Amino acid sequence: ADQYRLNAKNSICPTGWASSNAMTLTVPANPDFTGVDPLSATVCSGASQNFVSTPANATEYQWQYWTGTAWANLTNTGVYTGVTTTTLAISNVTGLNGKQYRLNARNSGCPTAWLSSAAATLTVPTAPNFTGQQPANTIACIGSGVNFTSAHTNADEYQWQENGIDVVNGGVYSGATTTTLAIS
């Protein structure tokens, strides 16, 4: 911090300079988000999620979310807590897929200088949906093969079961981890 003072004299009576008391000029540093932006997350429906950002030189915090047209301040209501801290806690992510969050921070020494982190995106995958696409009951004659097929949405892994036990490929089975199970 730099110190300043005023020196003054009366040119008619050259007795020298009189000095004021020294004053200090402090210029608080702006918040610095380098390396501490909140990270995007993928979380299953019903789970909780925390977003964390710890900017240097900050003393005040406000989490925001993107409304689709502008950033808006969050409040400690519903599923959100910690909205004025470095950790935003979301108790249940259901229904929040695609939401974006960021932290605004400032140094209380310069209360008008809010700076923002990069945005973090919350991804909440949709559960598989078999509505109208269930495998159909089938009658097969002894010695003939049969295929069970099921189409569905929002899945990328599959496992057929027989009486609650995972089917494995081999013997009479093929396609145990696909959408079509073939029994020969």
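Note: the structure precedes this text.
None of the values given here were measured: they were computed from a predicted structure.

Details of the overall build of the protein
Here is step 1: In terms of helices and strands, the protein carries zero helices and 18 strands.
Here is step 2: Computed over C-alpha atoms, the radius of gyration of the protein comes to 32 Å, more than 25% over the 16 Å expected from 2.2 N^0.38 for 184 residues, which places it beyond the range of a compact globule.
Here is step 3: Once the C-alpha set of the protein is aligned to its principal axes, its extents read approximately 125 × 30 × 25 Å.
Here is step 4: Here the protein holds 184 residues, and the buried ones make up 22% of them.
Here is step 5: Considering only intrachain contacts with a sequence separation of at least 6, the fraction spanning at least 24 residues in the protein is 48%.

Considerations on the side chain of Asn 104
Here is step 1: Locating Asn 104 in the fold gives a position in strand β11 (residues 100-106).
Here is step 2: The buried category is assigned to Asn 104, whose relative accessible area is 10%.
Here is step 3: At a separation of 2.3 Å, a polar atom in the side chain of Asn 104 contacts the side chain of Ser 116.
Here is step 4: Ignoring sequence-local partners within four residues, the contact set of Asn 104 consists of Glu 60, Tyr 61, Gln 62, Gln 64, Trp 114, Leu 115 and Ser 116.

Points about the sheet that holds strand β10 (residues 87-90)
Here is step 1: As summarised here, the arrangement of the three strands in space is β6-β10-β9, forming an open sheet in which the pairing is antiparallel. Bordering the open sheet on either side are β6 (49-52) and β9 (80-81), each of which pairs with just one other strand.
Here is step 2: Two elements, β6 and β10, share four bridges in a ladder whose sense is antiparallel. Bridged to Val 52 within β10 is Thr 87.

Side note on a nonpolar patch on the surface
Here is step 1: Residues Tyr 4, Met 23, Leu 25 and Val 27 make up a contiguous nonpolar surface patch of roughly 410 Å² in combined accessible area.
Here is step 2: Position of Val 27 among the secondary structure elements: in the loop between β4 (23-25) and β5 (41-42).

Let's talk about the pattern of salt bridges
Two side chains that carry opposite charge are able to pair once their charged atoms sit near each other.
Here is step 1: If you walk through the whole model with that rule in mind, you get one salt bridge.
Here is step 2: For Glu 60, the salt bridge is made with Arg 106, and the minimal N-O distance between the two is 2.9 Å. One end of the pair, Glu 60, is in strand β7 (residues 60-66); the other, Arg 106, is in strand β11, with 46 residues separating them in the sequence.
Here is step 3: For Arg 106, a relative accessible area of 16% corresponds to the buried category.

Considerations on the packing of aromatic side chains
The geometry of an aromatic ring pair comes down to the distance between the two centres and the angle between the two planes.
Here is step 1: Under the counting rule described, the total for this entry stands at four aromatic pairs.
Here is step 2: Cluster of aromatic residues (ring-pair linked, three or more members): Phe 51, Tyr 80 and Tyr 101.

Calculation rules
- All residue numbers refer to position in the chain's written sequence, counted from 1.
- Where local features are concerned, this predicted model is filtered to residues with pLDDT of at least 70; where side-chain atom pairs are given and counted, the filter is 80 or more; whole-chain, interface and lining totals use all residues.
- By convention in this description, side-chain values take in all heavy atoms of the structure and omit both hydrogens and water.
- Think of it this way: any DSSP run of H or I at least four residues long counts as a helix, any run of E at least two long counts as a strand, and we number them from the N terminus.
- Each radius of gyration is computed over the set of C-alpha atoms, and the globule rule expresses the reference value as 2.2 Å times the number of residues to the power 0.38.
- Think of it in three bands: with a 1.4 Å probe and only protein chains considered, a residue is buried below 20% of the maximum accessible area for its type, exposed above 50%, and partly exposed in between.
- It only takes one pair of heavy atoms within 4.5 Å for two residues to be counted as in contact.
- Counting of polar contacts relies on pairs of N or O atoms within 3.5 Å, with two restrictions inside protein: one atom must be capable of donating a hydrogen and the other of accepting it, and residues adjacent in sequence are counted only when both atoms are side-chain atoms.
- Any two strands with at least two DSSP-identified bridges between them are counted as paired.
- Two distance rules govern patches: like charges are joined within 9 Å, and nonpolar side chains (Val, Leu, Ile, Met, Phe, Trp, Tyr) within 5 Å, applied only to residues with over 30% relative accessible area and no salt bridge.
- Here the open area of atoms and residues is found with the Shrake-Rupley method and a 1.4 Å probe, where only the protein chains shown may cover a residue.
- Here, a salt bridge means any side-chain nitrogen of Lys or Arg that lies within 4 Å of a carboxyl oxygen of Asp or Glu.
- Stacked, edge-to-face and tilted are the three classes for Phe, Tyr and Trp ring pairs, Trp counted by its six-membered ring, which pair at centre distances within 6.5 Å; planes under 30 degrees apart are stacked, over 60 edge-to-face, the rest tilted.

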